[in-house]
Amino acid sequence: MVRSDGKRSNTRHLFRRAFRKHGPEHTSTYLQTFKVGEYVDIAANASEQKGMPHKYYHGKTAQIFNVSRRAVGVEVMKAVGNRYIPKRFHLRIEHVRKSRCREDFKKFIKQRDAKRREAKAKGEKQIDQKRKPVGPVEPKIVDANNMELLQPLKYEFIV
């Protein structure tokens, strides 16, 4: 028999619901507000078949370009050969969740603005605002006089 190759082929474990998380979706899912430009993570919910993404997009992060009553329009950058193609499609809100990918960046922006305000209040020169990479670890000197030699313990068989 020929191997099946439909839209939902090989998704037995990919689309399955978590343990004790089966059944209809909670009301809080439908009460979320989405705005154009926000980032969302695409995660197909198997209990709702309408507006479901293709298995390729499961787990991908996308940006919202349109918001309607029951769905959001998302744009995903898909790797095709040696380039990235922007793909636009609509998904129902059961299949998306707000992404946490920009939390660190937003936190950095708030800290930077706070430092800038402090420097301006003190009348200091403007501070460097760029993010810095983590530098190398400070060197340590090992003292050979205080070294302790470790020996393996003899194995004892206890009956």
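Located above this text is the structure these notes cover.
For clarity, every value in this text was computed on a predicted model and none was experimentally measured.

Asks: So, the nonpolar core: which residues are in play, and what are the values?
Replies: F34, V40, I42, V72, V74 and F89 are the most contacted members of the largest nonpolar core, which totals 13 residues. Sorting the residues of this core by element identifies β1 (39-42), β2 (61-67), β3 (71-80) and β4 (83-92) as the ones contributing at least two each. Once you skip the residues sitting within four places of it in the chain, V72 turns out to touch F34, I64, N66, V67, F89, H90, L91, I93 and V96.

Asks: Talk me through the sheet that holds β2; I want residue IDs and the actual numbers.
Replies: Pairing in this open sheet of 5 strands is antiparallel, and the strands run β4-β3-β2-β1-β5 from one edge to the other. Edge positions in the open sheet fall to β4 and β5 (96-98), since each of these has one partner strand only. Within the sheet, the average angular offset between the axes of one strand and its neighbour, ignoring direction, is 40 degrees. The sheet contact formed by β1 and β5 spans 3 bridges and is antiparallel. Directly across from D41, in β5, lies its bridge partner R97.

Rules behind the numbers
The numbering scheme is per chain: residues are counted from 1 as the chain's sequence reads. Residues qualify for local features only when their pLDDT is at least 70, as the model is predicted, and side-chain atom pairs are given and counted only at 80 or more; totals for whole chains, interfaces and linings, by contrast, use all residues. With hydrogens and water set aside, each side-chain value is computed from the structure's full complement of heavy atoms. Only buried residues count toward a nonpolar core, which is a set of Ala, Val, Leu, Ile, Met, Phe, Trp, Tyr and Cys residues joined through side-chain atoms within 4.5 Å. In this scheme, a residue with accessible area under 20% of its type's maximum is buried, one over 50% is exposed, and one in between is partly exposed, where area comes from a 1.4 Å probe on protein chains only. Secondary structure counts use DSSP, requiring at least four H or I residues in a row for a helix and at least two E residues in a row for a strand, with both numbered from the N terminus. We call two residues in contact whenever any of their non-hydrogen atoms come within 4.5 Å of each other. DSSP calls a pair of strands paired once it identifies at least 2 bridges connecting them. Axis definition: a line fit to C-alpha positions, over the contact stretch in the case of helices; interaxial angles, taken between N-to-C directions, run 0 to 180 degrees.

The quantities given are spatial measurements derived from coordinates; they are silent on function.
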